[in-house]
Every structure is written in structure tokens, then in C-alpha cells.
Amino acid sequence: MGGSRLPDVTFGEWLPDQSRVKSPGLTRCENVVPTARGYRAWPSRSLVIGKDPLVGPCVGAWSGESQSGVKFTVAGTGVGGVSAGPALHLIWGEGGAVWNVSPVSAITGLEATGTWSFTRVGKFVIATAERISEPLKLEIDPVPSASSDFSVISSDASRASVCAEFKEFLVLGDVVGRGVNASAIGTAENGIHWSALGDPESFPTVGTQTAVDAQSDFQVFGGEGGAVTNIIPSGEFCLIFQETQIWRMDYVGKPAIFSFRNISTSTGCTVRNGAIAANGVVFFVSEDGYRMCDGSNVVDIGSERVDRTFNDLFDAKNAHMMSSAYVPRSNCVLWSVPEGSLTPSRIFGYQFELNRWFQILNQDRYQWLFSAHSIALGGSLDSLPLSIQNMDSGSELSAANLDSLGVSDGAGTAAFFDQNNAIAFYGDDGDPMAGYLEIGDYEAEDRARHALRWVRPIWDGPNGAVIVTAGGRNYITEETTMKNLSYSLETGISRVQMSDRIGGRYLRALFICANEYEEVTGFDVGFSDGGGRR
């Protein structure tokens, strides 16, 4: 019986949209992130020590930095919490507690599918949400306190679903005019309204000389693009997303203030919170799948790769549950994927430098995923509550991951609120999640049946393990039964056990990466001729 060997087979990209028969890539790629040579471990989550859960489910969160350099996180809850209604919360600085900074008057109008949008302009944090009666502000310079409250920005600022800061203007989107601007703006879901330059509290009557001098105005976009869903600044330009159109916004000064150029008349972002800026490019979810835009061109990044898989999973009725984040140190962007009425448990990730996809799928659930911004998420031994605790059983310190204390999310952490309304994060010091890499059905060039003999995973790490299961079948219509291979620590080879036979015309393998592995790049495989041609 002849023997054959395929040396140094590298793991391809994740291609779930492709047929698994003779697939050039992976059919399963979970809890790993692409590298130039293969895949490395994605860390398990770490809970943020000393932070009380929110009073209800999180439906919006954002992390920023004050003018004085203090890092903070702001989060909003929806109508499903234990409180009387929606609430706003602030985590201020290292070791800060979770403060309820809701307005004195109850927040009204937020619907069950409503989500919050946040930004910072000067000394204010801004909060908007669809159908709430007015946009809100929280002064954070000078330092806020537990008794601070959000309040109305201005009686003349439009009601808005989304907001962003661009070139020191507060820009509101999907607007309804209020106060002196009620009649001129009216209801304009396809419009934006921006404040005076450097003053988010000032919204003079549009069209007057006062507004021109302050550089405040509004813009309604033509065509049938639908509502403004995302306002995404990206360096020197800002992209305004409607459901089926994209506009580029550039600051040009008086008298026009901004110029607007239509980039796409047929593609937009259908999901609020479905667009995220990274490295001078904006990545987003369109009606047709995943796309990116550099301010001039829209480029497909998901077709025949992940788009069909995403569309099969995605529940459009619960699109409001989608959120996104940018992780700079991994050069990747992330989207949570709503698959029904339950809190999302799956993340699609895109490593844009390598143009490769991956997914995160485990026990975590993501009420809201966001790009965290440099507070000591893991807690600090120099700050409350850990500074007054000991290692006795039952204390927060005894349960803490000491390696994660002082982790700075400004270095690129993705944070999220979980199914228990608690804030958590993915840091480099977290233990690796179990990673899963599955290759498609390999078919030998001579189309003969083969018997698998052994597989040797190629990986690196101080104390890891890569478990191999494999299976085979003779016909496309047959089911494939996967069997565990026996691993030898001495040789690094996983062999088919004597009691098993794994063979056929089509062979596949699943690699389960566990413990402290760092990177897995591919495998060698040995097989023998198992019969005649088919």
C-alpha cells in the first residue's frame, strides 16, 4: 500500500459562503484572528472589576476622553430595565464607579427598538436617540460628579436619532426641527442639522445672518436614500449614511460651510450602528453585504466570502441589536450579529490589513459592543474598590485576573456590556479562547480513495495544545463522521487510532486550539492509497 504526504499545508482564509468540497479556505474559523502566516488566539473576556451592572439592558455605549485628558465611558439603557424608563450612566476615570447621570426629568419617547448615540464636543458629552424629545448634554469639564445630570442642549437643536462631532461642529442626523428651527427644518429623516462652530449649545435660526456668522445650518439630501442611519467622521472627511445612499461631507468654511458629494446612489448602511471608521476607511453593513468606503469609492469586502452566511444568520427585525467596534492593535473591525430576539452571541470580524474574516462565538452575549478608550478597565490596585480589599475568598480582588489589572483600552480594547448588564472587555492578557479551524473536503488530484494516517498541526505557544478530529466520505451525499486522533506530545503528530478507519474520496479535519497557544499556521498530513479510482 503506497503512502503520500502533503507537507506544510497553510490555513487559508475563512470562506463560509463557498462549497466545502475542494474549498481553498476554511469552513469554520472561530475565536481566532488572522495573522500574516495563520491565526492567533483571541483572548477570553475579563469583567471590569468594581463596576456595578447597569439598571437595564445597554442599548448604546461610547468611550472618550475629556479636554483635561480623563478617560470615560458613557452608556444608555433602554425601556426594558428595572428602572422607570431609559437611563444614562457615566464611568469616570480610572477606578470610577458607575454613576447614574440621567436628566432630572424622565426620558420619554424612546421605543423598544431605540438605541443611543454619543459623542463629545468641547466640554460636553452629547446623547441622542430616536424619538426622544430632545438631544442631551453632560458637562465633563470641569470634572463631573455622582450628582451630575444630563440636560437639554438647546430648545432650538433638532430632535435626532444619531450624532457625531466633526470639525468642532455637533452634527445631528435624522432630524425633526425644534424651537426657532421647527418650521424651516420640519421632519427630515433624510437630513442633518449642525451647531455653531465650537458651540454645541448654539443652534441659531437657520438661514439668518446670525446662523451664517456662526456657521450653523441644515442639509436635506435628495433622492430616495431613506433615513440618515450613521454619521461617521474619518479624518478630514465625514460620511453621512442613509439607508441606500452615501454622502461625503467636507468643511469648506463660509459661506457654504460644508460641501456634500454623493458617493453612492444605490448603496448605504441599512443598520444604525452598523458603520465604523478605522485607519482612514469606513466599514459598514449594506443591504447587499459588507462594504468599505475610503471617502471616494465603495468596495465590496464580503461577496462570495461571508455575505451569504451573514444574511442567513442576520435577523433584520432585530437590527437594532447590532453594534460595532474597532480594535487598533489587531487591525480589525467587529460587528455583533443579531440572530433572533435574544442578545447577540456571535461577532463577525474583519482584519483589514490582511483582507480576511473571522468570527467570535462562545458563551458571551453582546448587549452592546464598542471601541473602549483607555481607562483601567481591569481595575487598579491603587484605586477603589481593590485598594481596600484583600485576597480573601469572596472579594472582587480574589476573583480578579491579576494580569489584566490596569489594562488600558486605549491600546485597542473591544469592550461590551453582557447579558447581565455588566461591562467586560477583551484584553491581550486574557486566557485564549478555544479556537476552531476546519478545512473543507480535500479531494486528491487522482480522485482516488485514501486512508488518513496522521496529521501534524504546525503551531507555537508555551503551553498549548491542538486537538485534531478528522473524517472522510466517498460520496457528496454521505454524512461525514468525525473521529478524534491520538496525539503524541513527543512527536507533535496526531495519529488515526488503530480501532478507527478514516478514509474516502473526500477528507476533512477540524483543529481545536486550546490552552496557551499563540499562533497556528497549518499542518502536515500523511495518507495511504485506500482503493481504486471513483
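What comes next concerns the included structure.

Criteria and cut-off values
- Residues numbered from 1 in each chain as written.
- Predicted model: local features only at pLDDT ≥ 70, side-chain atom pairs only at ≥ 80, totals over all residues.
- Heavy atoms only, no water.
- Salt bridge = Lys/Arg side-chain N within 4 Å of Asp/Glu carboxyl O.
- Helix = DSSP H or I, 4+ residues; strand = E, 2+ residues; numbered from the N terminus.
- Buried < 20%, exposed > 50% of the residue type's maximum accessible area, 1.4 Å probe, protein only.
- Pairing = 2+ DSSP bridges.
- Core = buried A, V, L, I, M, F, W, Y, C linked by side-chain atoms within 4.5 Å.
- Contact = heavy atoms within 4.5 Å.
- Patch = residues over 30% accessible without salt bridge, like charges linked within 9 Å, V, L, I, M, F, W, Y side chains within 5 Å.
- Areas by Shrake-Rupley, 256 points an atom, 1.4 Å probe, with all protein chains shown as cover.
- Lys, Arg positive; Asp, Glu negative; His and termini not counted.
- Charge placed at Lys NZ, Arg CZ, Asp CG, Glu CD.
- Polar contact = N/O pair within 3.5 Å; in protein donor to acceptor, adjacent residues only side chain to side chain.
- Phe/Tyr/Trp six-rings, centres within 6.5 Å; stacked < 30°, edge-to-face > 60°.
- Axes fitted to C-alpha atoms, helices over the stretch in contact; angles between N-to-C directions.
- 1 Å grid on protein atoms, 1.4 Å probe; cavity = no way out; pocket = protein on both sides within 12 Å on 5 of 7 lines; lining within 4 Å.
- Points joined across faces, edges and corners; volume = space filled by probe spheres on them.
- Nonpolar A, V, L, I, M, F, W, Y, C, P; charged D, E, K, R; others polar.

Some remarks on the pattern of salt bridges
Move 1: Counted according to the given criterion, the structure contains 25 salt bridges.
Move 2: Ionic pairing is found between glutamate 111 and arginine 131, a salt bridge with its closest N-O pair at 3.1 Å. With a gap of 20 residues between them, glutamate 111 in the loop between strand E9 (98-100) and strand E10 (116-121) and arginine 131 in the loop between strand E11 (124-129) and strand E12 (136-139) connect regions that are remote in the sequence.
Move 3: Judged by relative accessible area, which is 40%, glutamate 111 ranks as partly exposed.
Move 4: For glutamate 339, the salt bridge identified is with arginine 346, shortest N-O distance 2.8 Å.

Some words on the pairing of strand E6 (residues 58-65)
Move 1: Across the eight residues that make up E6, a large majority, six, are buried.
Move 2: Across six bridges, E6 lies against strand E7 (residues 71-77) in antiparallel orientation. Bridging from a neighbouring strand, alanine 61 pairs with alanine 75 of E7.
Move 3: Count of turn residues in the E6/E7 antiparallel hairpin: five residues, of which glycine 69 carries a positive phi of about 90 degrees.

Focus: the pairing of strand E23 (residues 281-286)
Move 1: A large share of E23 lies buried, amounting to six of its six residues.
Move 2: What you see with E23 is no split at all: Val281, Phe283 and Val285 on one side and Val282, Phe284 and Ser286 on the other are buried throughout.
Move 3: Note: strand E22 (residues 275-278) against E23, four bridges, orientation antiparallel. Of the residues in E23, the one forming a bridge with alanine 275 is phenylalanine 284.
Move 4: In sequence, E22 turns back onto E23 through a hairpin of two residues, with asparagine 279 there showing a positive phi of about 60 degrees.
Move 5: In terms of strand pairing, E23 meets strand E24 (residues 289-293) through five bridges, oriented antiparallel. Residue pairing for E24: phenylalanine 284 is matched across the bridge by arginine 291.
Move 6: Linking E23 to E24, which pair antiparallel, is a turn of two residues.

As for the environment of glutamate 65
Move 1: If you trace the backbone, glutamate 65 turns up in strand E6.
Move 2: Relative accessible area serves as the criterion here: at 29%, glutamate 65 is assigned to the partly exposed category.
Move 3: When the C-alpha atoms of glutamate 65 and glycine 93 are compared, they prove to be 9.2 Å apart, with 28 residues separating the residues in sequence.

Thoughts on the nonpolar core
Move 1: One finds Phe283, Trp335, Leu437 and Phe511 to be the most contacted residues of the largest nonpolar core, which totals 61 residues.
Move 2: Broken down by element, the residue count for this core peaks at four residues, all from strand E27 (residues 332-336).
Move 3: What phenylalanine 283 contacts, discounting residues up to four positions off in sequence, is Gly274, Ala275, Ile276, Ala278, Arg291, Met292, Ile301, Val333, Trp335, Tyr350 and Phe352.

Some remarks on a negative patch on the surface
Move 1: The grouping of Glu189, Glu243, Glu287 and Asp288 at the surface amounts to a negative patch.
Move 2: With respect to the helices, strands and loops of the structure, aspartate 288 is situated in the loop between E23 and E24.

Quick notes on the side chain of arginine 291
Move 1: Its location among the elements puts arginine 291 in strand E24.
Move 2: Exposure remark for arginine 291: the relative accessible area of 13% places this residue in the buried category.
Move 3: Looking at arginine 291, its side chain comes within polar contact range of the side chain of aspartate 300, at 3.1 Å.
Move 4: Beyond its immediate chain neighbours, meaning those up to four positions away, arginine 291 contacts Thr267, Val282, Phe283, Phe284, Ser286, Val298, Val299, Asp300, Ile301 and Asp307.

Quick notes on the packing of aromatic side chains
Move 1: Scanning the model with the defined rule gives 34 aromatic pairs in all.
Move 2: With centroids separated by 4.8 Å and ring planes inclined at 40 degrees, the aromatic side chains of tyrosine 350 and tryptophan 357 adopt a geometry described as tilted.
Move 3: Using a relative accessible area of 0% as the deciding quantity, one classes tryptophan 357 as buried.
Move 4: Ring geometry for phenylalanine 370 versus phenylalanine 417: centroids 6.1 Å apart, planes at 20 degrees, classification stacked.

Topic: the sheet that holds strand E31 (residues 414-417)
Move 1: The sheet built from four strands is open, its strands ordered E5-E32-E31-E30 with antiparallel pairing. The open sheet has two edge strands, strand E5 (45-47) and strand E30 (368-371), and neither has a second partner. When the angles between neighbouring strand axes are averaged without regard to direction, this sheet yields 30 degrees.
Move 2: In this structure, E30 lies alongside E31, joined through four bridges in antiparallel fashion.

A few points about the environment of isoleucine 140
Move 1: Following the sequence through the fold, isoleucine 140 ends up in the loop between E12 and strand E13 (151-152).
Move 2: Overall, isoleucine 140 belongs to the buried group, its relative accessible area being 0%.

Details of the sheet that holds strand E15 (residues 169-176)
For sheets, the rule is that strands pair by backbone hydrogen bonds, running either parallel or antiparallel.
Move 1: Taken together, four strands build an open sheet; the order of strands is E14-E15-E16-E17 and the sheet is antiparallel. Unpaired on one side and paired on the other, strand E14 (159-166) and strand E17 (217-220) mark the two borders of the sheet. Pairs of neighbouring strands in the sheet enclose a mean axial angle of 25 degrees, with direction left out of account.

Topic: empty space enclosed by the protein
The method is simple in principle: a probe with the dimensions of a water molecule rolls over the atoms, and the space it marks as empty is what remains.
Move 1: Taken as a whole, this structure holds one cavity of 30 Å³ or more when the rule is applied.
Move 2: There is about 30 Å³ of room inside the largest cavity.
Move 3: Among the elements of the structure, E7 and strand E8 (88-92) are those that each provide at least two residues to the lining of the largest cavity.
Move 4: Classifying every residue of the lining of the largest cavity by side-chain character gives seven nonpolar, two polar and no charged.

Here we look at the layout of surface pockets
Move 1: Roughly 1,100 Å³ of internal volume is contained in the largest pocket.
Move 2: Every residue lining the largest pocket is counted, 45 residues in all, and those nearest its centre are Trp62, Phe118, Ile232, Pro233 and Ile276.
Move 3: Looking at the lining of the largest pocket, the elements that each hand over two or more residues are E6, E10, E14, strand E18 (228-234), E22, strand E26 (324-327) and E30.
Move 4: Its volume calculated, the second largest pocket comes out at about 580 Å³.

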